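Listed below, chain by chain, are the residues.
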Amino acid sequence: MAAKKKGKRFITTTVEVEGRVESKIVEVPAFSPVPWGADASLDIVGQRLPRVDSLEKATGRARYTADIKRPGMVWAALVRAHAPHGVVTIDATAARAMPGVLDVITAADVAGVLASAAAKLFDRDVRYSGQPVAAVCAETAEQARVAARAVRVNVEAAPFAVTFEASMADGAPLVRGAGSNYALNSPLVESRGDIAAGLAKAQVTVSLTVRTPCALHSAMEPHGAVAEWEGDRLVVWESTQGIFRVRSNLAAAFKLPHTRVRVICDHMGGGFGAKNAAGPHTYTAALFAKRLQLPVRCIVDREGEQLDTGNRPASEQRITLGARRDGRLTAIKCEAMVPLGIMGWEGGPAQIYHELYSCPNVHTTETFALVNASAMQAFRAPGFVEGAFGLERAMDVLATKLRMDPVALRVRNFAKKDEAKARPWSGNGLLRCYEQGALRFGWPSHGDKPGSRSTPSGGSKAHGAADAQGRNTRRGVGMAAQVWGTGGGPPAYALVRLNSDGTATVLTGTQDLGTGARTVFAQVAAEALGMTMAQVRCVIGDTERLPYTGNSWGSMTTPSVAPAVRMAAEDARTQLFEAAAEMLEVDASTLSSSGGVIRSTSSEKTMTFSDVSRKVGEVCIIGRGSRGPNPQKTGIFSFGAQFAEVEVDVDTGVVRVLRITAAHDCGRVLNPTLAESQLEGGILQGVGYALFEERIMDTRLGMPMNPTLHDYKVPTMADSPRIDAFCVAGADPVANHVGARGLAEPPIIPTAPAIANAVANALGAEPLQIPLTPWRVLALGLQST
């Protein structure tokens, strides 16, 4: 039975999002359901059920933003400046005269019309190549695109800096025209213990410098919005990870109350952190719609998507590890340099150095520089992906120097608590990930020298030995670990409405990024109600009709919203039981339900949900649920370990990832099929980060050289390895009463270092920069083992 809460209704709590700690005043739920522990007997939660929207997607009936068609709708296209720094002048005379063109917007049309952050839309001060400086609206999409190309953009060039080194150099041009090129007034320093003493105690040390690339999100669905005004009310269909945040952005921009802005996101094709707020396309569509009194669609084209919708910033990390001869770490030190772009938040690579391993002395320094390039945005596990490459490469170099198995080294330094904040974990299955992942992968026996251990698939080939196709190849294996904060938290709300036909509707204002949110929340509701999946429907993605939830970021959606859904379902079931008890002439406390049937322990009589609903008629039973605060002074994280086998062509430098085994711990898995889909997607992105993906800047011109998917390489099916991805069994009732932690971001974190460690094992040389392009691999050379 649920436990009623007493005391304050609102309290101050903390919520951790992507390494940031936010203090919030939140509502304490009216009651707390009994936690579903690891031994809970569940019928629907934890089952491999198909996506509830799979038929819609397979048949093309799922409506994405680019599918929205409104009566009289017209099209908008953005105009960009292709210069890194300067002042722009616009001549739209030719564009205005072109067939079908309805309107052109420049900075002059925005001044005094848009407020808040949107007031800088189409700013004449250009700070990076690809910055939007105008927009065109026309009767068709093609007319808008052609007219946009006809707008003459003249930039009075100014000095620029597009690299960290150029931005930090003496006498560097000011990236924003004033102030400083430091994103912070000084480097960000975090420390515990005494790093100098830790290094002095070390019997073995390793030092290395690694470099990671600027990577682009490259979601299948580009950014886009459709805007329509209904009198003084604004309705926007947006591909977004946060419908309520976009509503707030638009309300501030147009000086409207929230009641006059509605944002809808029915389906979306990925975001990976780049779609957390309204963007130039959103404000452009809404402003044109207001000026023309017509619905307007503005979809960012692929080049614009790659130029100006965010990125994972590059990093340089200078790392030193100290250890005793038995492998115990005595010191971890990292100095990181990160070029953020024209703006961004300081989600750097340092945090994982403090959290993944047990070590008494840890010291990190991060310097964030502003550069004349598009702004960074959160990108699937921001900072941790970059940091994991540095830390996990250093751990493998240390294992080699110690002549110790890489898995054994990591087990030796397992952190039994969150040493960064001196608090216990809510749960930590990393040791099981090591054990089960190594077993399923066929990891070589502990104690082998990493440079010479044989691979599970037959061993490394000596230099010059040809395979069946006559290629000179070598195989190697590697592994890496990860940690990521995945506690979720309040505020998040849900309603469960019981309908007169015995069905239930889940109402919650979240969004489905393609991860299966509708499915898992329907599963949670069906389980808590004691109904079948066929009886439950989940409605999401509409700010006007649904209760609030936060952005889908930081692996927060499931651990934030699922507890609210469960609470709402149990509240609705309690109300229904009170009605059923009257009809069955039993006490409500004797009732239980499963499969849509209500039973009593004191009577043989039963009733279906439909029976009760018909008898109560149109009496409206609505359950209300909210997400309670996280347990304080407790670290809520997900963990994992990945194992990779690669084949390296020593003549061409081409690296092929043959297979990856991934073992992850995220508490209770609500739907194993969807969880494994998340793991596979993150791993494939990690393969791209390791081997292909890198935004290349022309430092002389200050412009990106590969702003298309033709030139910016992402993995294809031909590059996909065999993936054996799974979650270790368990639940985390300390984290929340559903027992689930987040899983969206963890799988990308260890993939690149596992691959790089496998390449090091194959070649006997240490790769220190990704992506591992053929020319970088050839430059490594080959050491005999």
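Residues numbered from 1 in each chain as written. Predicted model: local features only at pLDDT ≥ 70, side-chain atom pairs only at ≥ 80, totals over all residues. Heavy atoms only, no water.

Participant: Residues and numbers for the overall build of the protein, please.
Facilitator: Helix and strand counts for the protein come out as 19 helices and 32 strands. With the principal axes as the frame, the protein shows a C-alpha extent of 80 × 70 × 55 Å. Sorting the 785 residues of the protein into buried and exposed places 59% on the buried side. Taking as baseline every contact in the protein between residues at least 6 positions apart, the subset at least 24 positions apart corresponds to 80%. Surface accessibility of the protein: about 29,800 Å² in total, with carbon and sulfur atoms responsible for 52%. (Helix = DSSP H or I, 4+ residues; strand = E, 2+ residues; numbered from the N terminus. Buried < 20%, exposed > 50% of the residue type's maximum accessible area, 1.4 Å probe, protein only. Contact = heavy atoms within 4.5 Å. Areas by Shrake-Rupley, 256 points an atom, 1.4 Å probe, with all protein chains shown as cover.)

Participant: Just give me the short version of the layout of surface pockets, but keep the residues and values in it.
Facilitator: Where empty space is left in the structure can be found by rolling a water-sized probe over the atoms. The volume enclosed by the second largest pocket comes to roughly 1,300 Å³. Taken together, 45 residues form the lining of the second largest pocket, with A278, P280, M343, A375 and Q377 sitting closest to its centre. In terms of residues, the lining of the second largest pocket owes the most to one element, helix α7 (residues 243–254), which gives 4 residues. Residue-level mapping places the lining of the second largest pocket at the junction of two domains, with at least three residues from each of domain 2 (68–158 + 218–308) and domain 3 (315–487 + 633–784). (1 Å grid on protein atoms, 1.4 Å probe; cavity = no way out; pocket = protein on both sides within 12 Å on 5 of 7 lines; lining within 4 Å. Points joined across faces, edges and corners; volume = space filled by probe spheres on them. Domains from an automatic or database assignment.)

Participant: Let's hear about the sheet that holds strand β26 (residues 603–608): which residues, and what values?
Facilitator: With respect to topology, 3 strands assemble into an open sheet ordered β24-β25-β26, the strand pairing being antiparallel. Each edge of the sheet is formed by a strand with only one pairing partner; in this case those strands are β24 (591–594) and β26. Averaged over all adjacent pairs, the angle separating strand axes in this sheet is 25°, with direction ignored. Inspection of the sheet shows β24 paired to strand β25 (residues 597–600) by 4 bridges, in the antiparallel sense. Residue S592 lies in a different strand from β25, and its bridge partner there is R599. (Pairing = 2+ DSSP bridges. Axes fitted to C-alpha atoms, helices over the stretch in contact; angles between N-to-C directions.)

Participant: Go over the sheet that holds strand β8 (residues 125–126), please, and point to the residues and values.
Facilitator: One open sheet accounts for 3 strands, arranged β8-β6-β10; its pairing is antiparallel. Two strands close off the open sheet at either side, each with one partner strand: β8 and β10 (152–157). Across 6 bridges, strand β6 (residues 86–91) lies against β10 in antiparallel orientation. Across the sheet, the residue bridging to T89 is N154, located in β10.

Participant: Break down helix α17 (residues 672–691) for me, citing the residues and quoting the values.
Facilitator: Its 20 residues give α17 an end-to-end C-alpha distance of 28 Å, which sits within 8% of 28 Å, the value for a rise of 1.5 Å per residue. Taking burial as the measure, the 20 residues of α17 include 14 buried ones, the bulk of the element. At the N-terminal boundary of α17, the capping side chain belongs to N671, with an oxygen 3.1 Å from the backbone nitrogen of T673. (Expected span 1.5 Å × (residues − 1). Polar contact = N/O pair within 3.5 Å; in protein donor to acceptor, adjacent residues only side chain to side chain.)

Participant: Provide a residue-level description of the packing of aromatic side chains, including the pertinent values.
Facilitator: This structure, assessed with the given rule, holds 8 aromatic pairs. Summarising the aromatic geometry, the rings of W443 and F643 are spaced 5.6 Å apart at their centres and angled 65° between planes, so their arrangement reads as edge-to-face. Here W443, found in the loop between α13 (430–441) and β20 (473–485), pairs with F643, found in strand β28 (residues 637–649); they are 200 residues apart in sequence, far enough to count as distant. Pairwise contacts between aromatic rings join W425, F637 and F639 into one cluster. Here the basic side chain of R312 rests over the ring of Y689, its NZ or CZ set 5.5 Å away from the ring centre. Over the aromatic face of F441 sits the side chain of R659, whose NZ or CZ is 4.0 Å from the ring centroid. (Phe/Tyr/Trp six-rings, centres within 6.5 Å; stacked < 30°, edge-to-face > 60°. Lys NZ or Arg CZ within 6 Å of the ring centre and 35° of its normal.)

Participant: Tell me what's going on with the domain arrangement of the protein, and back it up with residues and numbers.
Facilitator: Domain boundaries in the protein define domain 1 (41–63 + 488–626), domain 2 (68–158 + 218–308) and domain 3 (315–487 + 633–784). Between the C-alpha centres of domain 1 and domain 3 the distance comes to 38 Å. On the side of domain 3, 24 residues touch domain 1, which itself brings 25 residues to the contact. Here domain 1 packs against domain 3, burying approximately 1,700 Å² in sum over the two surfaces, 56% of which is carbon and sulfur. Three residues stand out in domain 1 for area buried against domain 3, namely R48, S555 and P559, and they jointly supply 31% of the buried area on that side. Summed over the shared surface of domain 1 and domain 3, the result is 1 salt bridge. For R48, the salt bridge identified is with E676, shortest N-O distance 2.6 Å. Where domain 1 packs against domain 3, one counts 11 residue pairs in polar contact (both at pLDDT 80 or more). Listed by contribution, the elements that provide at least two residues to the side of domain 1 that touches domain 3 are α14 (517–529) and α15 (557–584). It is α15 that contributes the most residues to the side of domain 1 that touches domain 3, 6 residues altogether. (Buried area = accessible area lost by both parts, 1.4 Å probe. Salt bridge = Lys/Arg side-chain N within 4 Å of Asp/Glu carboxyl O.)

Participant: So, empty space enclosed by the protein: which residues are in play, and what are the values?
Facilitator: Following the criterion strictly, the structure yields 3 cavities of 30 Å³ or more and no others. Space inside the largest cavity adds up to approximately 60 Å³. Among the elements of the structure, α10 (351–355) and β20 are those that each provide at least two residues to the lining of the largest cavity. Class assignment of the residues belonging to the lining of the largest cavity gives a composition of 3 nonpolar, 3 polar and 3 charged. (Nonpolar A, V, L, I, M, F, W, Y, C, P; charged D, E, K, R; others polar.)

Participant: Describe the nonpolar core, naming the residues involved and giving the relevant values.
Facilitator: Across soluble globular proteins, nonpolar side chains show a tendency to be buried alongside one another. Membership of the largest hydrophobic core comes to 92 residues, with the highest contact counts inside it found for L321, I352, L398, I749 and I755. The element best represented in this core is helix α11 (residues 384–402), accounting for 11 residues. Excluding residues within four positions of it along the chain, L398 makes contact with V204, V206, L321, A323, L329 and L409. Within the second largest apolar cluster, 49 residues are counted, among which are V506, V536, V565 and L670. (Core = buried A, V, L, I, M, F, W, Y, C linked by side-chain atoms within 4.5 Å.)

Participant: Give a detailed account of the environment of D194, specifying residues and quantitative values.
Facilitator: Tracing the sequence through the fold places D194 in the loop between β11 (188–192) and α6 (195–201). When its relative accessible area of 43% is taken as the criterion, D194 is described as partly exposed. Within the structure, D194 has its side chain in polar contact with the backbone nitrogen of A197 (distance 3.1 Å).

Participant: Before we move on, can you summarise unusual backbone geometry with the specific residues and values?
Facilitator: Cis geometry is found at the peptide bond from P490 to P491, where omega equals 0°. Inspection of the secondary structure puts P491 in the loop between β20 and β21 (493–498). Cis peptide bonds are those with omega within 30 degrees of zero, and the linkage from I770 to P771 qualifies with 5°. Among the structural elements, P771 can be located in the loop between α18 (751–763) and α19 (774–780). A positive phi angle, near 55°, is found at S218, a position not held by glycine. By the element assignment, S218 lies in the loop between β12 (204–212) and β13 (224–230). S218 sits in the buried class, given a relative accessible area of 18%. The residue K633 is not glycine, and still its phi comes out positive at about 55°. Here K633 shows up in the loop between β27 (621–626) and β28.

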